[in-house]
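Working through the structure, step by step
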Amino acid sequence: MSTSSVSKGCFVFKPSAKKKKTTLSLEDHFMRGCEDAENSEIRFRLCHDLWDKIKTDTEALQDELNRNILDSLLDFTRKCSSTRQHSDWASQMRASEIPTAALVLGVNVPDHDMTFQSLSDLLQQSVTPHVVSVQAKECGALKHLMKRVLERLMDTVVDDEEEEEAEQTSAQLNTSVHCSLSTLCAWYNTNTKKSNTGTPGKKRSSAVRDDPQHPPVVIIFKDLEAFNPKVLQDFILICSRYLERLPLMFIFGIATSPSTIQHMLPHSVTSLLCIELFQSLSCTQHLATVIDKLILTPQFLFKLNGKVMQVLISIFLYHDFSVKNFIKGIQLALLEHFHSQPLSVLCCRKKAALLNVMQLGHQDLERVRQLKSFKRYAEKQEAQEQVHLLTDDPHLKEVCQKLIKDLRKYHKNYYPTLRCLHTLTSSLPRYPLGKQIRELHLICLEKNIWENEDYQSAMKLLKMLAKDQLIALLQRCEETLQSAKSKTMKSARVQLGDMLARFKQLDRAAEPPPSVEDSITSPVKNLQKKTDLFQLQKTLLEMNESRRSKKLSPFEVLRNEALEFIDGLVKSHLSSPESQTLNEVCYYTSSATVRRHLNATPRTSIQAALNSPIYYLQNERLKTEDGVISNAAPDICIVYKLHLECGRLINLYDWLEAYATVVSAAEGNEPDSDDFGKVDDVKHARFIRAVSELEFLGFIKSTKQKTDHVARLSWGGC
């Protein structure tokens, strides 16, 4: 039976057989539209190697940062599994409660999966094979939570009577089990029966908990705040009744505060839990370590400029606090850099880079000549050398090899000097150059730091430090330079060590230098005697001159020498990366691309797709002038553009007729024919589906003012 209503529609589609999806690999995406296809394979290989290296180092770093908290959790599980071995009253009271670890991980939820995966692996390796993790999105009701726990522990199909359908195969019915904790207890006893060495007269419940060969059953709730409190309460109450038969243990993953447990669970439920709190490192500490180990190191030649770094840090601080997403941002910049910069073939290890320089073609060398940094370098050379650089390709290759070496030396000296300066300034009042090293690094990326007023203020504050404070900071500076491998930094460390030795050799018992007050005592006395204006002016000039000519103490002389040495290091090695020749080879600068990919605006993207589908579909048939509706566009795009021409209320019938007219033109019907613009069942159904999609996206809604109208929820026209 046909219907004439266009306001609502309901369609039922029988699911078809699953088709094998053809997905493009990372290499296919990289090669598509890649600049300079000749060396694209080499660039992809370099990019892929760096990608894997960053991923491996990040995972190792995360494991190292979480090692303490994970070790504490392992000790907690071992201790809880042996609680019933003790016979004192306190241990028996604890054994009647479910051991629960409240693991506070912070609001950086995307990073939690890696932590829980490491925890689950460690528990299965060293404590118990019975570990299961559940999330709130898959446990909306108690039966779903119970089913997930049993299926993942028992590795079998669990019956759910309400959802069981006749289409289930006989094999599934034969292997399925009943969804209850009694079933889990029976399964657990069966699996541990062979290792049960309890006394024959002893009850099995005691043997299960006393025998160390009966490991606990650990249930991890990854996102506690997202669980339905009622579901969680019922599950805990049920588990508490099986505690004598099943050695259960809970781990609560908490993103906000430990008080969440009290807010979600009443006292009657929390009294059944023996809760111990575990606090992980903050996400800002994780980020600081990641930046220190992955970015502030000459190990990776690929670098980010100041604007890109600022975008990634801003997204971290103001959106999700996720270190995982921060690493994804670095990987995105890495992929974009190698994809868009043909000269990124030189962004690799030293020997490979020098070899790749000699393999550059004439087109690549012309790209080198067009680089801004190389133009600045060429302008500083003599006229004859400039001619050779612009016309002689073999000579240019030799120069590029030298410049690549200089760029590597710059990075090897930059980071130790940066750490040394941060060591000196991070303890100063009000942190003139920032408390975190990343703040100092961003300042250095923007311009020469010695031109910054805050740097001048920091050097003045260092001159005002006490002797012991200054010596302590210089000692820490020397320690930071110990890990440097360049000859320049090793020489700087030796010089700094000599200065520290001279500080220690200063004779503390020496007579202190005369103070300013003592040196001007006689002029002050003369002031008290002479009162005429000429003599007063003369005396003041003498006092000012005496201050200038005051002799410095040995400590002050050595202090000035040490700070001048640090200032010389800074001016020699902390120049802006943009001042380095060929910096474009390894520095990624497109902050707008990173922001567009990582900090997307969904509504703007949807409107852009509906207005200009050619941007996403890359179909030339969709190319139209502004304000023109393409009849080859998808139905939802046609309906969307037609709705932009309407007012606040849209007549559905008029909308349908306009849509049918546009679609008829796409079908090739003559405008003068009788069928042109006619609404048939197919067009009717396509229109209803497009309108429903627009309503789902939030562009329109039904209204009670007129039953055959819908209301617009967006503003603006074509």
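Our structure's up above, just so we're on the same page.
Residues numbered from 1 in each chain as written. Predicted model: local features only at pLDDT ≥ 70, side-chain atom pairs only at ≥ 80, totals over all residues. Heavy atoms only, no water.

**Regarding the pattern of salt bridges**
Where we set the bar: Note on definitions: salt bridges are taken to be side-chain nitrogens of Lys or Arg within 4 Å of carboxyl oxygens of Asp or Glu. For the purposes of this entry, the term helix denotes a DSSP run of H or I that reaches at least four residues, the term strand denotes a run of E that reaches at least two, and both are numbered from the N terminus. Exposure is judged per residue with a 1.4 Å probe applied to protein chains only, and the accessible area is read against the type maximum: over 50% gives exposed, under 20% gives buried, and values in between give partly exposed.
Tallied over the full model, the rule gives 13 salt bridges. For aspartate 567, the salt bridge is made with lysine 571, and the minimal N-O distance between the two is 3.3 Å. Highlighted residues: aspartate 567 and lysine 571, both in helix 28 (residues 554-573), separated by 4 residues, approximately one helical turn. Relative accessible area serves as the criterion here: at 19%, aspartate 567 is assigned to the buried category.

**Quick look at a nonpolar patch on the surface**
To be explicit about the condition: Like charges are joined within 9 Å and nonpolar side chains (Val, Leu, Ile, Met, Phe, Trp, Tyr) within 5 Å, but only among residues with over 30% relative accessible area and no salt bridge; these make up the patches. Here, Shrake-Rupley sampling with a 1.4 Å probe gives the accessible areas, and only protein chains in the shown set may cover a residue.
A cluster of nonpolar residues, Tyr615, Tyr616 and Leu617, forms a patch on the protein surface that exposes about 360 Å² of accessible area. In this fold, leucine 617 is placed in helix 31 (residues 614-617).

**Some points on the sheet that holds strand 9 (residues 700-702)**
Where we set the bar: Any two strands with at least two DSSP bridges between them are considered paired. Here an axis means a line fitted to C-alpha atoms, over the contact stretch when the element is a helix, while the angle between two N-to-C directions is reported on a 0 to 180 degree scale.
Judged by pairing direction, the sheet is antiparallel, and its 3 strands sit side by side in the order 8-10-9 without closing on themselves. Every other strand in the sheet has two partners, leaving strand 8 (649-651) and strand 9 as the edge strands with one partner each. Averaged over all pairs of adjacent strands, the angle between strand axes in this sheet comes to 40°, irrespective of strand direction. Sheet analysis places strand 9 next to strand 10 (residues 709-712), joined by 3 bridges and oriented antiparallel. The residue bridging isoleucine 700 from the neighbouring strand is arginine 712, located in strand 10.

**Describing the state of the cysteines**
Rules: Disulfides are defined as cysteine sulfur pairs within 2.5 Å.
Summed over all chains, the structure comprises 1 disulfide. The disulfide partner of cysteine 420 is cysteine 477, and the gap between their sulfur atoms is 2.4 Å. Handedness of the cysteine 420-cysteine 477 disulfide follows from its S-S torsion of about 110°: it is right-handed. Here cysteine 477 lies in helix 23 (residues 467-481) and cysteine 420 lies in helix 20 (residues 393-425), a separation of 57 residues in the sequence. Note on cysteine 420: relative accessible area 2%, which makes it buried.

**Topic: the nonpolar core**
In plain terms, the rule: Definition used in this section: a nonpolar core is a set of buried Ala, Val, Leu, Ile, Met, Phe, Trp, Tyr and Cys residues joined via side-chain atoms within 4.5 Å. What makes two residues a contact is simply this: any of their non-hydrogen atoms within 4.5 Å.
Grouped together as the largest cluster of nonpolar side chains are 104 residues, with contacts concentrated most on Leu304, Phe326, Ile449 and Phe503. Among the elements that line this core, the one with the most residues is helix 20, at 13 residues. If sequence neighbours within four positions are ignored, phenylalanine 503 has contacts with Lys467, Leu470, Ile471, Leu474, Phe555, Leu558, Arg559 and Ala562. Of all hydrophobic cores here, the second largest spans 40 residues; its members include Leu184, Leu224, Leu232 and Phe252.

**Overview of the sheet that holds strand 2 (residues 131-134)**
Pairing is parallel across the open sheet formed by 5 strands, whose spatial order is 2-3-4-1-5. Looking along the sheet, the strands with just one partner apiece sit at the ends: strand 2 and strand 5 (273-279). Strand after strand, the sheet turns through a mean of 20° between neighbouring axes, direction not considered. Note that strand 3 (residues 217-221) and strand 4 (residues 248-254) share 5 bridges and pair parallel. Pairing of valine 217 across the sheet is with leucine 248, part of strand 4.

**Digging into unusual backbone geometry**
For residues other than glycine, phi is negative in most cases, and the peptide bonds are mostly trans. A positive phi angle, near 55°, is found at phenylalanine 321, a position not held by glycine. Position of phenylalanine 321 among the secondary structure elements: in the loop between helix 14 (306-320) and helix 15 (323-340). Even without being a glycine, leucine 582 presents a positive backbone phi close to 65°. Exposure remark for leucine 582: the relative accessible area of 1% places this residue in the buried category.

**So, the packing of helix 17 (residues 362-370) against helix 18 (residues 372-379)**
We count it as follows: Angles are sorted into four bins: roughly parallel if under 35 degrees, roughly antiparallel if over 145, roughly perpendicular if 65 to 115, and oblique for all others. Gly is put with the polar residues, along with every residue not named as nonpolar or charged; the nonpolar set is Ala, Val, Leu, Ile, Met, Phe, Trp, Tyr, Cys and Pro, and the charged set is Asp, Glu, Lys and Arg.
Where helix 17 contacts helix 18, the two axes come as close as 5 Å, and the packing angle between them is 75°. By the angle between their directions, the pair helix 17 and helix 18 is classed as roughly perpendicular. Contacts from Val368, Arg369 and Gln370 of helix 17 reach helix 18 at Lys372, Phe374 and Lys375. When grouped by side-chain class, the residues that make up the contact of helix 17 with helix 18 number 2 nonpolar, 1 polar and 3 charged.

**Describing a positive patch on the surface**
To keep it simple, the criterion reads: We score Asp and Glu as negative and Lys and Arg as positive, and we do not count His or the chain ends. Lys charges are placed at NZ, Arg charges at CZ, Asp charges at CG and Glu charges at CD.
Together, Lys350, Lys405, Lys409, Lys412, Lys485, Lys487 and Lys490 make up a region of like positive charge exposed at the surface. Breaking the positive patch down by element, the ones donating at least two residues are helix 20 and helix 24 (487-505). At 3 residues, the largest contribution of residues to the positive patch is made by helix 20. Residue position: lysine 412 is located in helix 20. According to the relative accessible area criterion, lysine 412 is partly exposed, its value standing at 45%.

**Points about the environment of glutamate 695**
Here glutamate 695 lies in helix 34 (residues 681-697). On a C-alpha basis, the gap between glutamate 695 and leucine 713 in space is 9.4 Å, while along the polypeptide they are 18 residues apart. Those residues in contact with glutamate 695 that lie beyond four places of it in its chain are Ile700 and Ser702.

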